[in-house]
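Topology and contacts: notes
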Amino acid sequence: MLFRSAVAKHMDPVSEIRQRRREEDDTETVPKRSLTKRLEKLDFYPKIGDDYVIKTESGGYVSVISSILMIILFISELISFMSVRREERITIDHTLSEKLQINFNVSLFEIPCDKASIDLMDISGQQQMGVISRIVKIDLDEANKPVNAAFSSVLEEDKLDKNCGSCFGADVSNKCCNSCSELRNAYLKRGWDTWFIDYYTPQCRKDQPDRSSRVPAKGCMVWGVLEVNKVSGNFHIAAGHAQNRDSRHVHSFSPSQIFSFNVTHHIEKLSFGDFIPGTPNPLDSHDMVAAELVSHNYYLKIVPTVYTNATSQVLSNQYSVYEVSRPVQMSAFGQITSLPGVFFVYDITPFMHSISERHMSLAHFLVRICAVIGGVAAIAKLLDTIM
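Parameters at a glance
- Residues numbered from 1 in each chain as written.
- Predicted model: local features only at pLDDT ≥ 70, side-chain atom pairs only at ≥ 80, totals over all residues.
- Heavy atoms only, no water.
- Helix = DSSP H or I, 4+ residues; strand = E, 2+ residues; numbered from the N terminus.
- Buried < 20%, exposed > 50% of the residue type's maximum accessible area, 1.4 Å probe, protein only.
- Contact = heavy atoms within 4.5 Å.
- Areas by Shrake-Rupley, 256 points an atom, 1.4 Å probe, with all protein chains shown as cover.
- Axes fitted to C-alpha atoms, helices over the stretch in contact; angles between N-to-C directions.
- Parallel < 35°, antiparallel > 145°, perpendicular 65-115°, else oblique.
- Left-handed = near helix turned anticlockwise from the far one by under 90°.
- Nonpolar A, V, L, I, M, F, W, Y, C, P; charged D, E, K, R; others polar.
- Core = buried A, V, L, I, M, F, W, Y, C linked by side-chain atoms within 4.5 Å.
- Pairing = 2+ DSSP bridges.
- Phe/Tyr/Trp six-rings, centres within 6.5 Å; stacked < 30°, edge-to-face > 60°.
- Disulfide = S-S within 2.5 Å.
- pLDDT = per-residue confidence, 0-100.

**Structural notes on the overall build of the protein chain**
Each helix and strand in the protein chain was counted, giving eight helices and 16 strands. For the protein chain, buried positions account for 35% of its 387 residues. A sequence separation of at least 24 residues applies to 71% of the contacts in the protein chain between residues at least 6 apart. Carbon and sulfur atoms make up 58% of the accessible area of the protein chain, which amounts to about 24,100 Å² in all.

**Let's talk about the packing of helix H4 (residues 57–82) against helix H8 (residues 362–386)**
It is at 10 Å that the axes of H4 and H8 come closest, and there the two elements cross at 165 degrees. It follows that H4 is roughly antiparallel to H8 by the angle criterion. Relative to H8, H4 is oriented so that their crossing is right-handed. Across the interface between the two elements, Ser-58, Gly-59, Val-62, Ser-66, Leu-69, Met-70, Leu-73, Phe-74, Glu-77, Leu-78 and Phe-81 from H4 touch Leu-362, Phe-365, Arg-368, Ile-369, Val-372, Ile-373, Val-376, Ala-377, Ala-380 and Asp-384 from H8. Across the contact of H4 with H8, the residue classes break down as 15 nonpolar, three polar and three charged.

**Focus: the nonpolar core**
Leu-226, Leu-270, Leu-300 and Phe-344 are the most contacted members of the largest nonpolar core, which has 39 residues in total. Take this core: its biggest share by element is five residues, from strand S2 (residues 99–108). Ignoring anything within four residues of it in the chain, the contact list for Leu-300 reads Leu-270, Phe-272, Leu-283, Tyr-319, Ser-320, Val-321, Phe-344, Val-345, Tyr-346 and Asp-347. Among the nonpolar cores identified, the runner-up in size contains twelve residues, and Val-136, Cys-167, Cys-177 and Ala-186 belong to it.

**Points about the pairing of strand S13 (residues 294–308)**
Successive residues of a regular strand alternate their side chains across the two faces of the sheet. Burial runs high along S13: eleven of the 15 residues are buried. In terms of strand pairing, S13 meets strand S15 (residues 341–348) through eight bridges, oriented parallel. Counted as the bridge partner of Tyr-299 is Val-345 from S15. Taken together, the four bridges between S13 and strand S16 (residues 351–359) define a ladder with parallel strand orientation. In the strand pairing of S16, Thr-305 is matched with His-353.

**Describing the pairing of strand S14 (residues 313–327)**
Note that S13 and S14 share 15 bridges and pair antiparallel. Looking at S14, one finds that Val-303 is bridged to Gln-318. Linking S13 back to S14 in an antiparallel pair, the connection comprises four residues.

**A short note on the packing of aromatic side chains**
Tallied over the entire structure, the rule returns six aromatic pairs. The interplanar angle of 40 degrees and the centroid separation of 5.8 Å between the aromatic rings of Phe-104 and Phe-235 together place this pair among those described as tilted. You can see Phe-104 sitting in strand S2 and its partner Phe-235 sitting in strand S8 (residues 233–238), a full 131 residues away along the chain. In this structure Phe-104 comes out as buried when scored by relative accessible area, which is 3%.

**Things to note about the state of the cysteines**
What the rule picks out here adds up to one disulfide. What pairs with Cys-113 in a disulfide is Cys-220, and their sulfur atoms sit 2.1 Å apart. An S-S torsion of about 95 degrees defines the bridge between Cys-113 and Cys-220 as right-handed. Taken together, the positions of Cys-113 in the loop between S2 and strand S3 (118–122) and Cys-220 in strand S7 (residues 219–229) put the pair 107 residues apart, joining distant regions of the chain. With respect to burial, Cys-113 and Cys-220 carry one shared label: buried.

**A closer look at the confidence of the model for the protein chain**
For the protein chain, per-residue confidence averages 78 on the pLDDT scale, and residues scoring 70 or more make up 75% of the total. The least confident element of the protein chain, judged by mean pLDDT, is helix H1 (residues 2–9) at 46; the most confident is S15 at 94. Contacts for the low-pLDDT stretch residues 1–9, under 50 throughout, to residues beyond four places or in other chains number two contacts.

Next comes the structure, spelled out in structure tokens:
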């Protein structure tokens, strides 16, 4: 024993490690030794004794910097995991929708409600003159504030279903709005203003003062919903009385009606379909001041859009707009160059804009975290070797 200990003192570290392993093998049973050897052969991460590890100052700097970088990248990945990712793509529109819903709120500051008539037409030949279904007209005073009781077919209380209150254009899937709070929630879900329902709907105006007496009005707010064919067309508010003559849409008017038709207006809301989160409409809160007699045209390119998130899917539309104002002039023979009014001319593209909002999956997050930590560790090891 004394000789063996004396020999061990003069062994180099490698021989000493080998000697220790032989002693451990001698003390182990045969089955355990066999299993241990097999596991050692599967070890992808061989260990190095502390006696052979050299720590340097440069390695310390690399370790600190790489650790800080790992923490920063981990926080960045965590923020990305917690946030909503918005993905967009363009495809061909394969929907078979036959109707297009137009939601609008336009204030005409110089045109009274009895002259603000909505007409619509499309390339399929459909024409509607003086549309009143689902349309609300509200008088505006000199200060452009709503006055008097609203005029609309949708507000005729004797026609309303007592068991299922109307949502006045904001209904979804035949939902009933029997109380003022339900009606307000339906409007808020659409992204619409609620001041109108507070004053003019049967559910909410019970506590409002009597508005039966009328005061002089200067302008008109026209608000409502139109359902049209899903083809190119236009709707407009123009001077004169619209008629259908020989399948042609014509307006009859007197010269006095022409020169008093000032189309100064404010567009509070114009959308085609349901509200899409994160996609504002370009004509919302838009003002137009007419310094002269003009025909004002909005040329709209409508893009069918499907919006998808974790809980719902909305099939709606977005649009781009180009506006043109043309001065109206009258010849010596009583002919005018264009009809005074506000025209919304729309065309539908054959493409579908798909918008999806979703969170990063947990598996994807874990893979990215492993890639960040492993990548930084590998680069740090390479730099430490070079240094």
